[in-house]
Amino acid sequence: MAATSASQTATLHKSSSFRNPSLSLSSKLPLPSLFRVNVTQRRRDTKRLVLVVSAGLDAKPTVLVAEKLGEAGLNLLKDFANVDCSYNLSPEELCTKISLCDALIVRSGTKVSREVFESSGGRLKVVGRAGVGIDNVDLAAATEHGCLVVNAPTANTVAAAEHGIALLAAMARNVAQADASVKAGKWQRNKYVGVSLVGKTLAVMGFGKVGSEVARRAKGLGMHVIAHDPYAPADRARAIGVDLVSFDEAISKADFISLHMPLTPSTNKILNEETFAKMKKGVRIVNVARGGVIDEDALVKALDSGIVAQAALDVFTVEPPAQDSKLVRHEKVTATPHLGASTMEAQEGVAIEIAEAVVGALRGELAATAVNAPMVPAEVLTELKPFVELAEKLGRLAVQLVAGGSGVKTVKVTYASARAPDDLDTRLLRAMITKGLIEPISSVFVNLVNADFTAKQRGLRISEERILLDGSPESPLDVIEVQIANVESKFASAISESGEIKVAGRVKDGIPHLTKVGSFEVDVSLEGSIILCRQVDQPGMIGNVGSILGEENVNVSFMSVGRIAPRKQAVMAIGVDEQPSKSCLKRIGEIPAIEEFVFLKL
Ligand SMILES: NC(=O)C1=CN([C@@H]2O[C@H](COP(=O)(O)OP(=O)(O)OC[C@H]3O[C@@H](n4cnc5c(N)ncnc54)[C@H](O)[C@@H]3O)[C@@H](O)[C@H]2O)C=CC1
Ligand SMILES: O=C(O)C(=O)COP(=O)(O)O
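Here's what I pulled together on the structure shown here. What you see is a predicted model; the values in this text were computed from it and never measured. (Residues numbered from 1 in each chain as written. Chains lettered and ligands numbered in written order. Predicted model: local features only at pLDDT ≥ 70, side-chain atom pairs only at ≥ 80, totals over all residues. Heavy atoms only, no water.)

**Considering the site of ligand 2**
Taken together, Arg-107, Ser-108, Arg-129, Ala-130, Gly-131, Val-132, Gly-133, Asn-156, Arg-290, His-338 and Ala-341 make up the full set of residues near ligand 2. Residue Arg-129 places a side-chain N or O atom 2.9 Å away from an oxygen atom belonging to ligand 2. Measuring from an oxygen atom of ligand 2, one finds a backbone N or O atom of Val-132 at 2.6 Å. A total of 310 Å² of accessible area belongs to ligand 2 in isolation, and the protein chains cover 90% of it. (Near = heavy atom within 4 Å. Polar contact = N/O pair within 3.5 Å; in protein donor to acceptor, adjacent residues only side chain to side chain. Areas by Shrake-Rupley, 256 points an atom, 1.4 Å probe, with all protein chains shown as cover.)

This is how it looks when you write it as structure tokens:
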């Protein structure tokens, strides 16, 4: 980021008191309306914080609650929004209603399909999944539509684990079958002899929140617990006395298998004919994860052949399963209707957790439980806040300098920082530059959720480069530079020596400043709007332009002149609070020494 060697900068502050000197990094900067930030730490899971976008909502938002939600959560929602509780909507009814809603809350029973996002007409800003599994939400479609998806990942963990243990014990002792038999007037003590849990090997497949709670409880029942989870940390398993093993080892050693992984393309039918064949004969299976992780036809066969002695299932590929489902009707199967999360306590907890997340997201606060947006820790966000604003404004300025605008395809962003690359998370900055580049020339709403997708869709390639500076890494960044290649500029002086439109800026006292245009160094705070003029450097220019603006009642906030050398070409950057009229701009253009000028909205 070499500065033009002979360039000099002269900065004229309108008055030393025009800006509140107490405004610092920690004060609340007015972030762009769609990216309002509140860095308040959330109650739980503070490591998973993410900047989300407010919908720019001026009126009370509307939240559609499409499945039954605990009272406490509903009350939280009602304090903030109009709440429409409409249960059992058909897919068509949901698509019709959704165009009137800013947020949608569902459990596992509602499919939030691509059609739902398409039908929302851009109004839907948040989908809240009142539970863990988000396999019923089309995340790709949500992301493409800039809609944040949040879930409630913690409040039903214990309930699901307890249900897993309940099914394990009930299955081993034939509780459900024996109960039905007694109620049918029979007394079949020999038929319902069970198996013991103590000393048996349980394989927990998916050692996340629920899986590890199941493991802990099974240890308490005297079982030997092993687990398979490609992503789980070994020390967490070790801490509760569980060995992490390979998939094949887990399924081949287990007397009982309990499934706790999410349903994803890679876990879909992970238990199938081939894997059943590798299991110990007489294995027993519990599934409180998702029906789709088991090939249900293969399970019926394995039950018939005796490879699987029993199965206890809370979840099914299609819910509710068909009345005549061979699996559900199988005498070796214990079935419950997706009750894992259904305790009074869990439902209250989930309702509060999701209501807080949805309200927070609609307010533009940080969502601790975002599923489809990069997560930026709160402390990083606090530091990056003024740079986030700088990034968007540089994007906005750069694209307005392009003649025509829409031909922007290749953008290079350079971050000069004393921080090691690993210590500087630029995803947020890149998203904001993308927003700045795209929004002035289109009607697309860009946010952290859809920035990368939108850029890709428009064929906009943004490459990033770091320059490692010497010195103290106290501030995350020194300079951000945005270059647009292969375009012409409506302000020729914005083209750098290497042929690209170039603007650069830095943060001073918490305020973003434009510090470079093309090869000219300037220094103007990025507030209000900016007039850039190229002129022959000579006395009286600042006065000339200033008095025209004054006569037209346009308030100047900042002026700065960057020149190659005295009395040669110079670029004057003028920050203005009001938009000058056409005639005002025309008068400035008519000043004989002014060779070109451009008005840029921030
Ligand atoms: N029946 C019910 O009512 C409930 C069902 N669930 C289901 O349980 C699942 C797990 O919930 P949590 O433990 O809260 O989620 P979690 O995200 O804490 O744990 C899931 C674990 O599965 C692991 N995993 C991913 N792919 C895997 C694979 N191929 N093999 C083995 N492990 C894999 C992950 O690394 C993670 O550790 C949810 O996705 C949901 O589908 C959750 C709550 C209630
Ligand atoms: O949280 C989960 O993943 C669940 O499966 C619970 O589903 P539910 O909210 O009870 O429909």
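There is more to say after this.
**Let's talk about the pairing of strand S5 (residues 126–129)**
By the alternation rule, side chains of S5 split into Val-126 and Gly-128 and Val-127 and Arg-129, which are all buried. Summarising the sheet, strand S4 (residues 103–106) and S5 pair through four bridges and their orientation is parallel. Bridging across to S5, Ala-103 finds its partner in Val-126. With helix H4 (residues 139–144) bridging S5 and the parallel strand S6 (residues 148–151), this β-α-β connection has right-handed handedness. (Buried < 20%, exposed > 50% of the residue type's maximum accessible area, 1.4 Å probe, protein only. Helix = DSSP H or I, 4+ residues; strand = E, 2+ residues; numbered from the N terminus. Pairing = 2+ DSSP bridges. Right-handed = clockwise from strand over helix to strand, strands pointing away.)

**A word on helix H5 (residues 157–172)**
Residue pairs three or four apart in sequence face the same way in an α-helix, which turns once every 3.6 residues. Counted at 1.5 Å a residue, the expected span for H5 with its 16 residues is 22 Å, and the 23 Å between its end C-alpha atoms agrees. Counting buried positions along H5 yields 12 of 16 residues, so the element is predominantly enclosed. Every buried residue of H5 is accounted for by Thr-157, Ala-159, Ala-160, Ala-161, His-163, Gly-164, Ile-165, Leu-167, Leu-168, Ala-170, Met-171 and Ala-172. Positive backbone phi, at 55 degrees, marks Asn-174, one or two positions downstream of H5. (Expected span 1.5 Å × (residues − 1).)

**Some points on the site of ligand 1**
The local shell around ligand 1 holds 25 residues, among which Lys-209, Val-210, Asp-229, Val-288 and Asp-314 are the closest. One of the backbone N or O atoms of Gly-208 is found 3.5 Å from an oxygen atom in ligand 1. Lys-209 is positioned such that a nitrogen or oxygen atom in its backbone is 2.9 Å from an oxygen atom of ligand 1. Considered on its own, ligand 1 offers 860 Å² of accessible surface; in the complex 87% of this is hidden by protein. Its residues assigned to classes, the shell around ligand 1 shows 13 nonpolar, eight polar and four charged. (Nonpolar A, V, L, I, M, F, W, Y, C, P; charged D, E, K, R; others polar.)

**Regarding the packing of H5 against helix H7 (residues 209–220)**
Where H5 contacts H7, the two axes come as close as 8 Å, and the packing angle between them is 50 degrees. With respect to each other, H5 and H7 are oriented oblique. H7 is crossed by H5, and the crossing has right-handed handedness. Where H5 approaches H7, its residues Thr-157, Val-158, Ala-160, Ala-161, Glu-162 and Ile-165 are matched on the opposing element by Lys-209, Val-210, Glu-213, Val-214, Arg-217 and Ala-218. (Axes fitted to C-alpha atoms, helices over the stretch in contact; angles between N-to-C directions. Parallel < 35°, antiparallel > 145°, perpendicular 65-115°, else oblique. Left-handed = near helix turned anticlockwise from the far one by under 90°. Contact = heavy atoms within 4.5 Å.)

**Considering the state of the cysteines**
Per the stated rule, a full pass over the model turns up zero disulfides. Here Cys-584 stays free of any disulfide, with the sulfur of Cys-533 as its closest cysteine sulfur at 10 Å. (Disulfide = S-S within 2.5 Å.)

**Quick word on the sheet that holds S6**
In space, the five strands of this open sheet follow the order S3-S2-S4-S5-S6, with parallel pairing throughout. Each having just a single partner strand, strand S3 (82–85) and S6 make up the two edges of the open sheet. Geometrically, the sheet is characterised by an average inter-axis angle of 20 degrees between neighbouring strands, direction not taken into account. Sheet topology places strand S2 (residues 62–65) next to S3; four bridges connect them, and they run parallel. Across the sheet, residue Thr-62 finds its bridge partner in S3, namely Asn-82.

**Description of the environment of Leu-104**
Secondary-structure assignment places Leu-104 in strand S4. Overall, the relative accessible area of 0% leaves Leu-104 in the buried class. Other than its neighbours up to four places away in sequence, Leu-104 contacts Leu-64, Ala-66, Leu-94, Ile-98, Val-112, Val-116, Leu-124, Val-126, Val-127 and Gly-128.

**Digging into unusual backbone geometry**
A cis amide bond links Glu-319 with the next residue in sequence, Pro-320, at an omega value of -10 degrees. Here Pro-320 shows up in the loop between strand S12 (308–313) and helix H12 (326–329). Positive phi, close to 50 degrees, is recorded for His-338, a residue that is not glycine. Taking the relative accessible area as the measure of exposure, His-338 reaches 22% and is therefore partly exposed.

**Some remarks on the side chain of Ser-560**
Mapped onto the elements, Ser-560 comes out in strand S21 (residues 556–563). The exposure class assigned to Ser-560 is buried, which follows from its relative accessible area of 0%. Within the local environment of Ser-560, its side chain forms a polar contact with the backbone nitrogen of Asp-523, the two atoms lying 2.6 Å apart.

**Brief notes about the sheet that holds strand S7 (residues 201–205)**
The sheet built from seven strands is open, its strands ordered S9-S8-S7-S10-S11-S12-S13 with parallel pairing. Looking at the sheet topology across the chains shown, the edges are occupied by strand S9 (243–244) and strand S13 (333–335). Sheet topology places S12 next to S13; three bridges connect them, and they run parallel. By the bridge assignment for S13, Ala-311 is matched with Val-333. Those strands touched by H7 are S7, strand S8 (224–228) and strand S10 (256–259), and its axis lies near 170 degrees from that of S7. Against the sheet, helix H11 (residues 296–305) contacts S12 and S13, and its axis sits at roughly 135 degrees relative to S12.

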